[in-house]
Amino acid sequence: MTETVPKSLVTVAGRPILAHQLEMLHARGVRRAVLCIGYLGEMIRSDFGDAAYGIKLDYSLDGEKLLGTGGAVKRALPKLGEEFFVLYGDSYLPIEWEPVADSFRRSGKLGLMTVYRNEDRYDTSNVVFRDGEVVVYDKKAKLQEMRYIDYGVSLFKSSVFEQHPNDQFLDLADVMKALVHDRQLAGYEVLERFYEMGSPAGLAELEHLLNPSR
């Protein structure tokens, strides 16, 4: 499906997934977003322009070299503020964002990960969450005490990325693991399940959520 169309433009319930994301974000108070785009990304800019669904849009392009999820955030840093949310482009996360931001500021930490008590239900659990802090995060090493999963919304202070070199591949998961090591990654438990369209099964579930009559 994504050989000729970027994932953000894949149709879900009659519209591109990005349209649903922006509409949801606007309803929760977001008014500006920076889209980190790569493969076929100019198609997204062409379709959505400088503003859509009440949200002002800016773009940060990977270029010829793939930068990874963390490297893309690093490149976009001049367009971001001192604190910012990060959301994956293939997920739909219907939660309230202001309480997450409030929790991040109260924590005094450099980063925050939203977590969901998954119990391996929707995907493999990869987080140990305790007393408001992420104490273990690992997508590869499965531990018995992992009950939670990275929900998909994170918050960071820009200083987290300033130490990394420009235009180098960087995985966001490695950034988070470093914060865990330094005890600088707060956690915020959400009760609503997550939705994603990175797989045929996930796409079907999201289609049903956004268009239940089908």
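The following refers to the structure shown. Bear in mind that the values here come from a model prediction, so they are computed numbers and not experimental data.

**Points about the overall build of the protein chain**
- When its secondary structure is counted, the protein chain shows seven helices and 13 strands.
- Since a compact globule built from 214 residues should have a radius of gyration of about 17 Å, the 17 Å found for the protein chain is in line with a globular shape.
- Judged by the C-alpha coordinates and their principal axes, the protein chain covers about 40 × 40 × 30 Å.
- Within the protein chain, residue pairs in contact and separated by at least 24 positions form 68% of the contacts whose partners lie at least 6 positions apart.
- As displayed, the protein chain has an accessible area near 11,200 Å², and 49% of this comes from carbon and sulfur atoms.
- Once the 26 positive and 32 negative side-chain charges of the protein chain are each reduced to a mean point, those two points are 2 Å apart.

**Digging into the nonpolar core**
- Of all hydrophobic cores here, the largest spans 40 residues; its most connected members are Ile 44, Phe 48 and Leu 57.
- A per-element tally of this core places helix α1 (residues 17–27) first, with six residues.
- In contact with Ile 44, other than residues within four places in its own chain, are Pro 6, Ser 8, Leu 9, Leu 18, Leu 35, Ile 37, Gly 49 and Tyr 59.
- Counting 22 residues, the second largest nonpolar core, distinct from the first, contains Val 73, Leu 77, Met 113 and Val 175.

**What about the pattern of salt bridges?**
- Per the counting criterion, the structure on display carries 13 salt bridges.
- In this structure, Lys 157 engages Glu 83 in a salt bridge whose closest nitrogen and oxygen atoms are separated by 2.9 Å. A residue pair is termed long-range when its members are at least 10 positions apart, and Lys 157 in strand β11 (residues 148–157) and Glu 83 in strand β6 (residues 83–87) qualify at 74 residues.
- For Lys 157, a relative accessible area of 25% translates into the label partly exposed.
- Judged by its relative accessible area of 31%, Glu 83 falls in the partly exposed class.

**Observations regarding the packing of aromatic side chains**
- Under the defined criterion, the tally for this structure stands at ten aromatic pairs.
- Centroid distance Tyr 116 to Tyr 122: 6.2 Å. Interplanar angle 35°. Geometry classified as tilted.
- Three or more aromatic residues link up through ring pairs in this structure, and these residues are Tyr 116, Tyr 122, Tyr 151 and Phe 194.
- Directly above the ring of Tyr 122 sits Arg 193, whose terminal nitrogen or CZ lies 3.9 Å from the centroid.
- Geometry around Tyr 195 places Arg 193 over its ring, the cationic atom sitting 4.1 Å from the centre.

**Some thoughts on helix α4 (residues 98–107)**
- Every buried residue of α4 is accounted for by Val 100, Ala 101, Ser 103 and Phe 104. Axial view of α4: buried residues confined to an arc of 160°, hence all on one face. In this structure, α4 carries Arg 105 and Arg 106 as exposed residues pointing more than 90 degrees from its buried face.
- In this structure, the buried side of α4 is in contact with β6, β8 (111–117), β11 and β12 (185–190).
- Among the residues trailing α4, Gly 108 stands out with phi positive, at a value near 70°.

**Notes on the pairing of β8**
- Summarising burial for β8: six of the seven residues are buried, a large majority.
- For β8 and β11, the ladder comprises six bridges, and the chain directions are antiparallel. From the neighbouring strand, Met 113 faces β11, where its bridge partner is Ser 154.
- One ladder, built from six bridges, connects β8 with β12; its direction is parallel. Along β12, the bridge assignment pairs Gly 111 with Leu 185.

**Let's talk about helix α7 (residues 200–210)**
- Along α7, the residues that are buried comprise Gly 202, Leu 203, Leu 206 and Glu 207. Down the axis of α7, the buried set is contained in an arc of 140°. They therefore lie on one face.
- Close packing links the buried residues of α7 with β1 (11–12), α1, β7 (91–92) and β13 (195–196).

**Details of the sheet that holds strand β4 (residues 51–52)**
- Taken together, three strands build an open sheet; the order of strands is β3-β5-β4 and the sheet is mixed. Each end of this open sheet is capped by a strand with a single partner; those strands are β3 (32–37) and β4.
- Relative to strand β5 (residues 55–61), β3 is paired through six bridges, and the arrangement is parallel. Note that in β5 the partner of Ile 37 across the bridge is Leu 61.

Cut-offs used in this document
- Think of each chain on its own: its residues are numbered from 1, step by step along the sequence as written.
- The predicted origin of the model limits local features to residues at a pLDDT of at least 70 and limits the giving and counting of side-chain atom pairs to 80 or more, whereas totals for whole chains, interfaces and linings rest on all residues.
- The side-chain quantities take in all heavy atoms of the structure and omit both hydrogens and water.
- By definition, any uninterrupted DSSP run of H or I lasting at least four residues is a helix, any uninterrupted run of E lasting at least two residues is a strand, and each is numbered from the N terminus.
- It is over C-alpha atoms that the radius of gyration is taken, and the globule rule equals 2.2 Å times the number of residues to the power 0.38.
- The contact criterion used throughout is that any non-hydrogen atoms of two residues lie within 4.5 Å.
- Calculation of accessible area relied on Shrake-Rupley with a 1.4 Å probe; when residues are assessed, cover is drawn exclusively from the protein chains displayed.
- In this charge count, Lys and Arg are treated as positive and Asp and Glu as negative; neither His nor the chain ends contribute.
- Think of each charge as sitting on NZ of Lys, CZ of Arg, CG of Asp or CD of Glu.
- We define the nonpolar core as a collection of buried residues of types Ala, Val, Leu, Ile, Met, Phe, Trp, Tyr and Cys that are connected through side-chain atoms lying within 4.5 Å of one another.
- The buried label applies to any residue whose accessible area, calculated with a 1.4 Å probe on protein chains only, is under 20% of its type's maximum; exposed applies above 50%, and partly exposed to all values in between.
- Put simply, a salt bridge is a Lys or Arg side-chain nitrogen that is within 4 Å of an Asp or Glu carboxyl oxygen.
- The aromatic pairing rule takes the rings of Phe, Tyr and Trp, using the six-membered ring of Trp, and pairs them if the centres are within 6.5 Å, calling planes under 30 degrees apart stacked, those over 60 edge-to-face and the rest tilted.
- Charge over a ring is defined by NZ of Lys or CZ of Arg lying within 6 Å of the ring centre and within 35 degrees of the ring normal.
- Here, the arc refers to the directions that run from the helix axis to the C-beta atoms.
- Here, any two strands with at least 2 DSSP bridges between them count as paired.

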